[in-house]
Amino acid sequence: MAAAAALRIGVIGVSIAGCAAAAGFRAGADVTVYERSGAELQDRGFGIVIPPPLHRELVESGYLDAEMETAPVARRVWLTRETGGRSTRELARQSSPVTPCNWGLLWRSLHTSAGAVRYLRGEPVTSVGTAPDGRAVITTARGEERYDIVVGADGHASRTRQLLAPGLLPEPAGYLVWRGAFPLSAPADHPRELELLRGAWATLGFPGGHGIFYLIPDGSRHPGAGDRLLAYAVYGRPPASPVAGADPGPYVRELAEERFPAAWAEIVGHSTHRTTACHPMADVQVPRAARAPLLLAGDAAGVSRPHTASGTVKALQDALCLERVLREGPTPAAALERYADERTAAGAHLVELGRRGPGAGGGDPRPGGHGTGGGGRLVPRGAGGDAALSVRAAGGRCQGVARSKTAASAWPPPMHIVSRP
């Protein structure tokens, strides 16, 4: 790693993007990672889906342990509720290999691969600046530290983003995602649905939103062989009168009861969740992802809407790109310029793709928006590794087409499609 040899690196944020960046510096650099929280982050039980080619590259490059458990499946199944009833209607099946992971297992593997990195937990960064010699200065309550490169990996609400793009804030997309995961013992009374998920991941469309379902490894410290959790994400309109800090469970269960086939609504309605959360959707992209001595990675550099399925994938690709440009040199400043060229363009493409897709513009899923009426329908077409899904409108008012390929260069596929009128 020519340009990284003997460098001092500061990383702000210890989530996936921060750990991946630290792992990329593992040869020849002195790395310190700052995290404002003093708590461990490894126990999040949510699902992460990455493409098989990227997973292989991460294993071969030493970022992930080859023994880290995953739950790969090769097919995608499209479902909806039968018109006028509560039964499940299968729309299509397509080849769509993915590698679902447990967030905690992925984080632990990246954390371990980073090696001899100094982690400063419970030490929030109060400021980042530039010294007269061009090096970066990180200030905390303990004092100042100088670094050759600082990586801002502090998430979607990044403070370090303001250094490269003052005043830039995420733009709300007008809809929410409810995420959950629970042991397979909870929905054991739905054997048909569980059997489907053992070999595929499912997308369930309904007017104004959609849900995805897939299995992930359990992620506990001492799981039994092959233990799995059922993970899901449901995208849809927010409650008409949202209550700040309210438990997200009741509303998403009500939404599922109203819109899902009976069996899938009962799965979402189980009370034995290992973890649940609700997040508003937004997007943002910095005009430039790096300016020496600072660079941004993961959600700090850009956040795209979920239809691009790119959050964790982009953070991992950022780390791989950073390692490569530093290895190829010739100087850290030149490497950061190359990183900015490549990753700014990639992030901007994802944000634009998300804005063009379902839920954007004419497909606004907010109450009173243009994309929430009944009448939208999912129309799968194509087959094999280049399958496509059209989201067509009743009366021909709008139409969106998303294509999915399994090649690494084509990732991420359109995992999430919102039904539109």
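That block above? That's the structure.
As the structure is a computational prediction, the values presented were derived from the model and not from experiment.

Within the protein chain, the secondary structure is distributed over nine helices and 21 strands. Buried residues in the protein chain amount to 55% of all 421 residues. For the protein chain, the accessible surface area stands at approximately 17100 Å², while carbon and sulfur atoms represent 51% of it.

Where burial is concerned, most of helix H3 (residues 103-113) is hidden: nine out of the eleven residues are buried. Along H3, the residues that are buried comprise Trp 103, Gly 104, Leu 105, Leu 106, Trp 107, Arg 108, Ser 109, Leu 110 and Ser 113. Structurally, H3 contributes buried residues whose contacts are with helix H1 (16-24), strand E3 (47-50), strand E5 (88-102), strand E6 (118-121), strand E13 (209-217) and helix H8 (311-328). Of the residues that open H3, the one with a side-chain oxygen 2.8 Å from the backbone nitrogen of Gly 104 is Asn 102. Of the residues one or two after H3, Gly 115 is the one with positive phi, at around 75 degrees.

Attention now moves to the sheet that holds strand E15 (residues 275-285). In spatial order, the strands read E3-E5-E4-E12-E13-E14-E11-E15-E18; together these nine strands make up an open sheet with mixed pairing. A strand with exactly one partner marks an edge of an open sheet, and here the two such strands are E3 and strand E18 (302-303).

The subject of this paragraph is the pattern of salt bridges. This structure, assessed with the given rule, holds 19 salt bridges. Across the pair Arg 86 and Glu 257 runs a salt bridge, and its minimum N-O distance is 3.3 Å. Highlighted residues: Arg 86 in the loop between strand E4 (73-81) and E5 and Glu 257 in helix H6 (residues 249-259), separated in sequence by 171 residues. Judged by relative accessible area, Arg 86 falls into the partly exposed class, the value being 32%. Under the relative-accessibility criterion, Glu 257 is labelled partly exposed at 45%.

Now for the packing of H8 against helix H9 (residues 332-356). Where H8 meets H9, the closest approach of the two axes is 8 Å, and the angle between their N-to-C directions is 155 degrees. Overall, the two elements H8 and H9 adopt an arrangement that is roughly antiparallel. When the axes of H8 and H9 are compared, the crossing they make is right-handed. Between H8 and H9, the residues in contact are Lys 314, Gln 317, Asp 318, Cys 321, Leu 322, Arg 324, Val 325, Leu 326 and Glu 328 and Pro 332, Ala 335, Arg 338, Tyr 339, Glu 342, Arg 343, Gly 347 and Leu 350, respectively. Classifying every residue of the contact of H8 with H9 gives eight nonpolar, two polar and seven charged.

What follows concerns the packing of H1 against H8. The contact between H1 and H8 brings their axes to 9 Å, and the two run at 20 degrees. One way to sum up the angle between H1 and H8 is to call them roughly parallel. As for the relative orientation of H1 and H8, their crossing is right-handed in sense. From H1, Ile 16, Ala 17, Ala 20, Ala 21 and Gly 24 reach across to H8, where they touch Thr 312, Ala 315, Leu 316, Ala 319 and Glu 323. Considering only residue class, the contact of H1 with H8 consists of seven nonpolar, two polar and one charged.

Within the largest apolar cluster, 66 residues are counted, with the highest numbers of intra-cluster contacts made by Ile 9, Val 31, Leu 110, Val 151, Leu 295 and Tyr 339. For this core, the leading source of residues is H8, giving nine residues. Membership of the second largest hydrophobic core comes to 27 residues, among which are Val 77, Leu 197, Leu 215 and Leu 230.

Residue position: Phe 260 is located in the loop between H6 and helix H7 (262-268). Residue class for Phe 260 comes out buried when judged on its relative accessible area of 0%. With 179 residues separating them along the chain, Phe 260 and Arg 81 place their C-alpha atoms 5.9 Å apart. Not counting residues within four places of it along the chain, the set of residues in contact with Phe 260 comprises Arg 81, Arg 86, Leu 204, Phe 206, Phe 213, Val 234, Leu 255, Ala 265 and Val 268.

Pairing within the open sheet is mixed, and its six strands lie in the order E6-E2-E1-E10-E17-E16. Every other strand in the sheet has two partners, leaving E6 and strand E16 (290-291) as the edge strands with one partner each. Judged from the two bridges that link them, E16 and strand E17 (residues 294-296) form a sheet pairing that is antiparallel. Along E17, the bridge assignment pairs Ala 290 with Leu 295.

Moving on: the environment of Ala 157. As for its position among the elements, Ala 157 is in the loop between strand E10 (149-152) and helix H4 (161-164). Separated by twelve residues in the primary sequence, Ala 157 and Leu 169 have C-alpha atoms spaced 8.0 Å apart.

Right, let's get into the side chain of His 55. Relative to the helices and strands, His 55 resides in helix H2 (residues 52-60). Residue His 55 is classed as buried on the basis of its relative accessible area of 15%. Apart from the residues within four sequence positions on either side, His 55 is in contact with Ile 50, Leu 64, Met 68, Thr 70 and Thr 99.

Next up on the list: unusual backbone geometry. It is generally the case that most residues other than glycine have a negative phi and that most peptide bonds are trans. In this model, Ala 292 is joined to Pro 293 through a cis peptide bond whose omega is 10 degrees. Of note, Pro 293 is situated in the loop between E16 and E17. The step from Gly 329 to Pro 330 runs through a cis peptide bond, and the omega angle for that step is 5 degrees. Looking at the secondary structure, you find Pro 330 in the loop between H8 and H9.

Cut-offs and rules
Residues numbered from 1 in each chain as written. Predicted model: local features only at pLDDT ≥ 70, side-chain atom pairs only at ≥ 80, totals over all residues. Heavy atoms only, no water. Helix = DSSP H or I, 4+ residues; strand = E, 2+ residues; numbered from the N terminus. Buried < 20%, exposed > 50% of the residue type's maximum accessible area, 1.4 Å probe, protein only. Areas by Shrake-Rupley, 256 points an atom, 1.4 Å probe, with all protein chains shown as cover. Contact = heavy atoms within 4.5 Å. Polar contact = N/O pair within 3.5 Å; in protein donor to acceptor, adjacent residues only side chain to side chain. Pairing = 2+ DSSP bridges. Salt bridge = Lys/Arg side-chain N within 4 Å of Asp/Glu carboxyl O. Axes fitted to C-alpha atoms, helices over the stretch in contact; angles between N-to-C directions. Parallel < 35°, antiparallel > 145°, perpendicular 65-115°, else oblique. Left-handed = near helix turned anticlockwise from the far one by under 90°. Nonpolar A, V, L, I, M, F, W, Y, C, P; charged D, E, K, R; others polar. Core = buried A, V, L, I, M, F, W, Y, C linked by side-chain atoms within 4.5 Å.

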